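Geometric and topological summary
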Amino acid sequence: MDEVQTIESAVLSFYRGDSEQQKETHKWLQQVQSSPQAWSFCWDLMQLNKSSEVQFFGSITLNSKLRNDWAELPKESHHELKQKLLETIVVFGNGPKIVLNRLCISLGLFIVHMLQHPTVIEEVTSMFLNEQLGNLTRVTQIEILMAVLEGIPEEVKTVRTAIPRAMVCEELNRNAEFVMQTVVTYLKEKLSRNAVEPQDMNGMINAAKCTGSWVLHGNVRLDEREAMIQTLLQAIHYCYWKEPKDDGCLMPEENELAETALKSLASIISSYATQNPKYSVTIIHFMKMFLDVLVPILDAEYKECNDNENLALMMYGLFIATLEGFASAIFDGIATESEEVASVYTRTVDMLIKCTDKPGTYPVDEMCSTYALEFWYMLQEEVLSMDTGEHRSRCHDAIRPVYAHVVKVLVRKSQLPTDSSMHKWNDDDLEAFRCYRQDIGDTLLSCHDVLGNMMLDVLSEALDESIMYLSYEQHQPTTDSWTLLEATIHAFCSIAQKVELMEHPQIVKLLKVLNEIPYEKYHDKLLGMALETVGAYSEWFGENPKYLPSAITLLVKGLSSTKASQATLGLKDLTSECHKEVVPYALPLLDACRTVLQDGQLKNPEMIRLMYTVGNILSVISYENIIIYLDAMVSPCFEELGIHVQNNDISEQAKARVVLRLEMISKLFSSLNINKTAPGADGGDDKDGQKLCLPARTSPAEPRPVQPILLILQKTMGLLKSLCTLWIHDETVIDTLCKALQQALTTLMDDMKPLLNEMCCLVLSIVNTNCVVSTADIAGNIILMFYNDQECRPLIVQLFTAIMDYNFSQMQANLDKLSRIADLIETFYAFNTRISKKIPICYSEVQIDCMQLVDYATKCMMLPEMPPMKKSVAFLTTFIKESPKHPIMGNVVLAQGENILRSTFLCIGGTALRSQVEVFAEIFLALNTRYPTEFVQWMKLLEIPNFPTAFVSAGEKEQFMRKVIKERVNKRLVQEHVRKFAAVCRNIVEYEGK
């Protein structure tokens, strides 16, 4: 009794104490729950004189014991446990509900353990149906029975039972029809009356849940589920039409029953989806039943802000689930001689058009329209994937008018919320609408696949309508009339990637409209969408350059607006796609960029992005002009950096400016390249048929001028070294500097050689003082690029050795806490993977401790963080594959092979996330392919008892060894073996339904 009082005090302390106290108490209570004595004291805690918290703890303790520790209970105690369980259910039959629910779960768990007795489910069911549980009412007993039956299939997935899994599945299948018959009979009986008694609703809800949880069992054909489907539809019909609703809202119990019935219907349909062709006739019949019962309800709820929106949402969800599983059967109605199939298809399309066009704005006024978007993708996918021929042509012609109508509906539904309606919106609503609008854009792409160039005609009509609406509303005091025009422009923007590059009059008209809109009169979002659209058609402008002036004019105008972000994005895309076409407008465009940069009105991301545009333009103008504009536009960046260095200013304000300037320089370095290729540019052809986009006044016959970036670095390398010295202990600044140098190296490639010595010295100074992650990236590129250059070899070896030594020292210093340097490890082994793959000879020619390199990799692959784990595995895989060609590497693998496999088994056994274990298949394949004899010996590690875990038997390990050793090629098959072995090692049995 003292023990019970102690536990009771601990439970109350847990619920009523502070967070620190709760943590300690929770740990102690978990230990108590797992003790063998819990089988006894759980009943003492579930006494009526105890508090509800204590009673609940007693019930979850019983749950835990039944789920995890059944083996502790002697066989002769099973009957006593059953009696106690039933008696306690009687005690709590009328509440508290949280305790009764746990007791129902416990009874379900008990039944699972007793499934070797063929009649256990029938016996328990009979006991409840015949009212053999004390003084509980029949209504209560039925409610409890349905709750118990409903939980059994779910508990099977997690319970640890002595019964073989195959027998459990067999018994569930054998009992499924008995349970279903019991449930359906009960529901039919209640629904056959004129009115359902309120006290019966909970039992009916539990019964409806039962149908969904047991549907995976029984090996029953879909057409044999008709009675169940009819009964569930009848329940929905009854709940909705039972009586007039003054406020239009269903009562909570009726709403829950209807929603539960809909969930179960969706489960039934989805569980047969893999057997699609088998049930074409049946699914048409069921779909007709759904349409007959549910569409009248949807019609009644076809309004804004309706109180039963979630119910309507679930009805549409059922239709979509049916279409996902049986699309072909229903879409046969597009062009068929069967009136029934054609009718079902037509009614389905009409219903989903109405769903797409649900009144109100998503998601504040309605939630349903998003469900229909998936249907329009499915329909076009079905038709366009048909074999070419007359049937496909007929189907295509049949759906075109539907999609033309849908386009206009989608344009209306994608209108942005107006300022006058913003009081109804919160941040979550705005984010949901952003995603919804993106989904509409994706759906418009599907519409374009169906309509082709007809899509432009439809959108052109919508553009005319939106302009007319805008003109009509101009005399009104409101400024909300812009949203329809903005939505129409958004539709044009969404399909830009699909539009053919020829000169379309509809696109020309759009551009004219975009340049004529008086943006100052309307919300700035209208200008933002116009700018985004111009950027989206950058590739089109490349093929239709005569329209470039209007695009450039609008984008330059946008630079000085509140939507400068969209303008800089548009210019970035335009100058990237239209290399040679932008040349006639290059100098005025550079002047505009310089002006807006000097004004200081742009935000930092916009300034950085604009420098990419500047680099693109500089790449195609004359070399003389490049130098002039570099001095005018880039010098200010370095001048400001020089001032900070001169003043030794390391304040936070200075840091922000230094990072900004370095990021601007980095963007310029990524795009300024006078040797870049551009299709169709004037200049000499390269071997791939592309043409070099050479600066004006430079011909292929003349010596190639020095890359502008190299000129910049030659003049500023001293400043960059001083900057590095000043900020050497600040990771952000050093990381940004390294990224800028990395961009320069990527652009210059071999042209960097004149500055290689200074670059390496700068990188080495960073490595030896504050080796940020990006340092390994730039060092790796330098090593890969110049290792085979004999002139540069000593410098490259020094850099390589420094990188390796630094990382070894960091891993040694953090050996017990490698997770602290997870980012460094990720970059380091990504770097070594590249070395192993591209220049593995490096490990032989440079004095590197490869044994230590591999040993650390086996430790890093066991980290809980996914990126360093994956990079370590990738390195080991590549190193193993390349090692036979290089004796030093080969000796390391032979010495470390067993260690590599030991770490791999431990990862599979539990160290790594179960969802990630398939990556270790790469190591098995690499070792098995390159070292097959040794691999067989190393695999005998599995013969060690309780290795990698105690859950896997010797026979299961032997079987895994055999399968993995046998397979040297099929990666997918080895991944499957690894995944299953990992589940066994973790005592997780993957449940497989029918």
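Everything below is about the structure printed above this text.
Cut-offs applied
Residues numbered from 1 in each chain as written. Predicted model: local features only at pLDDT ≥ 70, side-chain atom pairs only at ≥ 80, totals over all residues. Heavy atoms only, no water. Core = buried A, V, L, I, M, F, W, Y, C linked by side-chain atoms within 4.5 Å. Buried < 20%, exposed > 50% of the residue type's maximum accessible area, 1.4 Å probe, protein only. Helix = DSSP H or I, 4+ residues; strand = E, 2+ residues; numbered from the N terminus. Contact = heavy atoms within 4.5 Å. 1 Å grid on protein atoms, 1.4 Å probe; cavity = no way out; pocket = protein on both sides within 12 Å on 5 of 7 lines; lining within 4 Å. Points joined across faces, edges and corners; volume = space filled by probe spheres on them. Expected span 1.5 Å × (residues − 1). Polar contact = N/O pair within 3.5 Å; in protein donor to acceptor, adjacent residues only side chain to side chain. Axes fitted to C-alpha atoms, helices over the stretch in contact; angles between N-to-C directions. Parallel < 35°, antiparallel > 145°, perpendicular 65-115°, else oblique. Left-handed = near helix turned anticlockwise from the far one by under 90°. Nonpolar A, V, L, I, M, F, W, Y, C, P; charged D, E, K, R; others polar. Salt bridge = Lys/Arg side-chain N within 4 Å of Asp/Glu carboxyl O.

As a further point, take the nonpolar core. The biggest cluster of nonpolar side chains holds 341 residues, and the ones touching the most others in it are Phe-290, Trp-376, Phe-541, Ile-782 and Phe-924. Of the residues forming this core, the biggest block, 15 residues, is contributed by helix H14 (residues 309-331). With residues up to four places along the chain from it excluded, the contact list for Phe-924 reads Leu-901, Thr-904, Phe-905, Ile-908, Phe-935, Met-939, Phe-960, Val-964, Val-974 and Val-978. The next biggest cluster of nonpolar side chains, apart from the first, holds 11 residues, and it includes Val-32, Ala-38, Leu-45 and Phe-57.

What follows is about the layout of surface pockets. Within this model, the largest pocket holds a volume of roughly 640 Å³. For the lining of the largest pocket, the elements supplying multiple residues, two or more each, are helix H18 (427-451), helix H20 (482-494) and helix H22 (524-536). Per-element accounting of the lining of the largest pocket gives the leading share, nine residues, to H18.

We now examine helix H44 (residues 971-985). Compared with an ideal rise of 1.5 Å per residue, which puts 15 residues at 21 Å, H44 spans 21 Å between its outermost C-alpha atoms and is within 8% of the ideal. Three or more residues of H44 are buried, namely Val-974, Gln-975, His-977, Val-978, Phe-981, Ala-982, Ala-983 and Cys-985. Where H44 is buried, its residues touch helix H40 (887-911), helix H41 (921-930) and helix H43 (954-966). The residue sitting at the N-terminus of H44 and contributing the capping side-chain oxygen is Asn-970; that oxygen lies 3.2 Å from the backbone nitrogen of Arg-972. One or two steps after H44, the chain reaches Asn-987, where phi turns positive at roughly 60°.

One can describe the packing of helix H35 (residues 793-813) onto helix H38 (residues 850-860) by two numbers: an axis separation of 11 Å at closest approach and a directional angle of 45°. If you check the angle between H35 and H38, you find them oblique. In terms of crossing hand, the pair formed by H35 and H38 is left-handed. Seen from H35, the contacting residues are Met-804, Phe-808, Met-811 and Gln-812; seen from H38, they are Gln-852, Leu-853, Tyr-856 and Cys-860. For the contact of H35 with H38, the per-class residue count stands at six nonpolar, two polar and no charged.

This next bit is on the pattern of salt bridges. Using the criterion set out here, one finds 49 salt bridges in the structure. Between Arg-225 and Glu-177 there is a salt bridge, with the nearest N and O atoms lying 3.3 Å from each other. Linking Arg-225 in the loop between helix H10 (201-214) and helix H11 (226-241) with Glu-177 in helix H9 (residues 165-191), this pair joins segments that are 48 residues apart in sequence. With its nearest N and O atoms 2.8 Å apart, the salt bridge here joins Lys-413 to Glu-366. Of the two residues, Lys-413 is situated in helix H17 (residues 390-413) and Glu-366 in the loop between helix H15 (339-356) and helix H16 (369-384); the sequence distance between them amounts to 47 residues. For the pair Lys-413 and Glu-366, a shared accessibility class is recorded, and that class is buried. Here the residues in one salt-bridge network are Lys-65, Asp-69 and Glu-72, joined through shared partners.

On to the environment of Ala-982. Here Ala-982 lies in helix H44. Given the relative accessible area of 0%, Ala-982 is considered buried. Here Ala-982 is in contact with Ile-908 and Val-917, once residues within four sequence places are set aside.

Purely geometric stuff here, so don't read any function into it on its own.
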